[in-house]
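Geometric and topological summary
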Amino acid sequence: MTEVVAALIWDQDRFLICQRPAHKARGLLWEFVGGKVEPHESKEQALIRECQEELAIAIEVGEPFMEVTHEYPDLTVHLTLFHATIRQGIPQKLEHHDLRWIAPAEIDRYAFCPADAPILQRLQERHAERPL
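Presented here is an overview of the structure given in this document. (Residues numbered from 1 in each chain as written. Predicted model: local features only at pLDDT ≥ 70, side-chain atom pairs only at ≥ 80, totals over all residues. Heavy atoms only, no water.)

**A few points about the overall build of the chain**
Our working definition: Secondary structure elements follow DSSP: runs of H or I of four or more residues count as helices, runs of E of two or more count as strands, with numbering from the N terminus. Between buried and exposed lies partly exposed: a residue is buried under 20% and exposed over 50% of the maximum accessible area for its type, with that area taken using a 1.4 Å probe on protein chains only. Computed with a 1.4 Å probe, the accessible areas rest on the Shrake-Rupley method; for each residue, only the protein chains presented here act as cover. Under this rule, positive means Lys or Arg and negative means Asp or Glu; His and the chain ends count for nothing. Charge positions are represented by NZ for Lys, CZ for Arg, CG for Asp and CD for Glu.
Along its length, the chain carries two helices and seven strands. Judged by the C-alpha coordinates and their principal axes, the chain covers about 45 × 35 × 30 Å. Buried residues in the chain amount to 44% of all 132 residues. Working note: accessible area of the chain is about 7,400 Å², and carbon and sulfur atoms make up 48% of it. Charge-centre separation for the chain: the mean point of 14 positive side chains lies 4 Å from the mean point of 22 negative side chains.

**Remarks on the environment of Arg49**
Definition in use: In what follows, a contact means two residues having at least one pair of non-hydrogen atoms within 4.5 Å. Two N or O atoms form a polar contact when they lie within 3.5 Å of each other; inside protein one atom must be a possible hydrogen donor and the other a possible acceptor, and for residues adjacent in sequence the pair counts only when both atoms belong to side chains.
Secondary-structure assignment places Arg49 in helix α1 (residues 43-55). For the pair Arg49 and Phe15, spaced 34 residues apart in the sequence, the C-alpha separation amounts to 20 Å. Beyond its immediate sequence surroundings of up to four residues, Arg49 is in contact with Lys36, Glu38 and Glu41. Of the polar contacts made by the side chain of Arg49, one reaches the backbone oxygen of Lys36; its length is 3.0 Å.

Geometric descriptors of this kind do not, in isolation, establish any biological role.
Next up, the structure:
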């Protein structure tokens, strides 16, 4: 099983999503920024590194939002999504095809990686519970 981390980064009522490069597995699907945990690092260290490499931002890692295990045809991932805050920088497309800030109500407009489905459902449920 592959340990993967990702960041749930909010800007007021919108959160950041990234579109995978066309040439990678699950190309052009949307996801949260993150990546694989290397053998020598903690999940938090991996997330800090991945955000720096992929978006050129420095983050502060908060509490986990949710954990998901998903089996793809080519690998099984254990994904931990952390709350995170940008401490320095503006997200840049260093590795992704595109970046967007979206509201939970807009989730259905985007094709996400299958592992993210339970996370997106929880985000939509929490958004629906909030009074307007």
